[in-house]
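# Architecture at a glance
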Amino acid sequence: MTKENEEILSLSQEVGDLLRQHGWYLVTAESCTGGLVGNWITDIPGSSDYYLGGVIAYANEVKQVLLGVSASSLAQFGAVSPEVAREMASGIRHLFSQKFPIEKLVGIGVTGVAGPGGGTPQKPVGLVWIAVETPQVQRVERFLWQGDRRQNKAFSAYRTLSLLKEELLAWEESTHGKR
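Criteria and thresholds
Residues numbered from 1 in each chain as written. Predicted model: local features only at pLDDT ≥ 70, side-chain atom pairs only at ≥ 80, totals over all residues. Heavy atoms only, no water. Helix = DSSP H or I, 4+ residues; strand = E, 2+ residues; numbered from the N terminus. Rg over C-alpha atoms; globule rule 2.2 N^0.38 Å. Buried < 20%, exposed > 50% of the residue type's maximum accessible area, 1.4 Å probe, protein only. Contact = heavy atoms within 4.5 Å. Areas by Shrake-Rupley, 256 points an atom, 1.4 Å probe, with all protein chains shown as cover. Polar contact = N/O pair within 3.5 Å; in protein donor to acceptor, adjacent residues only side chain to side chain. Phe/Tyr/Trp six-rings, centres within 6.5 Å; stacked < 30°, edge-to-face > 60°. Salt bridge = Lys/Arg side-chain N within 4 Å of Asp/Glu carboxyl O.

## A look at the overall build of the protein
- Broken down by element type, the protein carries six helices and five strands.
- Reading the protein from its N terminus to its C terminus gives the helix and strand order α-β-α-β-α-α-α-β-β-β-α.
- Taken over the C-alpha trace, the protein has a radius of gyration of 15 Å; the compact-globule value for 179 residues is 16 Å, and the two agree within 12%.
- Out of the 179 residues belonging to the protein, those deemed buried represent 48%.
- The contacts of the protein with a sequence gap of at least 6 include a subset with a gap of at least 24, amounting to 62%.
- Carbon and sulfur atoms form 51% of the exposed surface of the protein, whose accessible area is close to 8,500 Å².

In structure tokens:
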């Protein structure tokens, strides 16, 4: 196993342990990562304890129909925007709240330009927006990767899990005074 794979498994395990400790469930809305976040989460045995599933919302129509992303956000800001990332994270939580309590759901939304095509001067190849929504907070971050398509997807998935871990640790510290 490569060092990179060990780091991914370790981070996925840490995220899973934190979700399990909080009694929360992860749901994912992925566009440019094409399901890579969900893939890495499910590489951990027992991940069904805390990972419910996700939607690969590559097409704008899927973002709208399944995740509730507004047509006006897509028209005004485009699919690769903080607004759409937020709506994806929120939308996936609401989609799963039909069967699970929303106060137990953590959602992520990832949207970007993986490349090699599709970039513009305003939204270059490698631009990614990642949203993490817990029951307490919503955080959206912008990244600009410089890799090829596969690298940009991997960078995005890894950073998604890192942001999720940071938010889970921050919640733990705020409620239990520890880190």
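## Focus on the side chain of H22
- Within the secondary structure, H22 sits in helix α1 (residues 3-22).
- In this structure the side chain of H22 is engaged in a polar contact, spanning 3.3 Å, whose partner is the backbone oxygen of L168.
- Leave out the neighbours within four places in its chain, and H22 touches L168, W171 and E172.

## Let's talk about the packing of aromatic side chains
- Applying the stated criterion to the full structure yields four aromatic pairs.
- On the basis of an interplanar angle of 50° and a centroid distance of 4.8 Å, the ring pair of W24 and W171 is categorised as tilted. Residue W24 is located in the loop between α1 and β1 (25-30), and its partner W171 is located in helix α6 (residues 149-176); the two are separated by 147 residues in the primary sequence. In this structure, W24 and W171 share a single accessibility class: buried.
- Aromatic side chains W145 and F155 sit 5.4 Å apart centroid to centroid with 50° between the ring planes, which places their arrangement in the tilted category. Here the residue W145 occupies a position in the loop between β5 (138-144) and α6, and F155 occupies one in helix α6, the gap between them amounting to 10 residues.
- Judged by relative accessible area, W145 falls into the buried class, the value being 17%.
- Its relative accessible area of 36% is what places F155 among the partly exposed residues.

## Describing the pattern of salt bridges
- Tallied over the full model, the rule gives nine salt bridges.
- E166 is paired through a salt bridge with R159; the nearest N and O atoms lie 3.2 Å apart.
- The class for E166 is partly exposed, based on a relative accessible area of 30%.
- The structure contains a network of salt bridges with shared partners spanning R139, E141, R159, E166 and E167.

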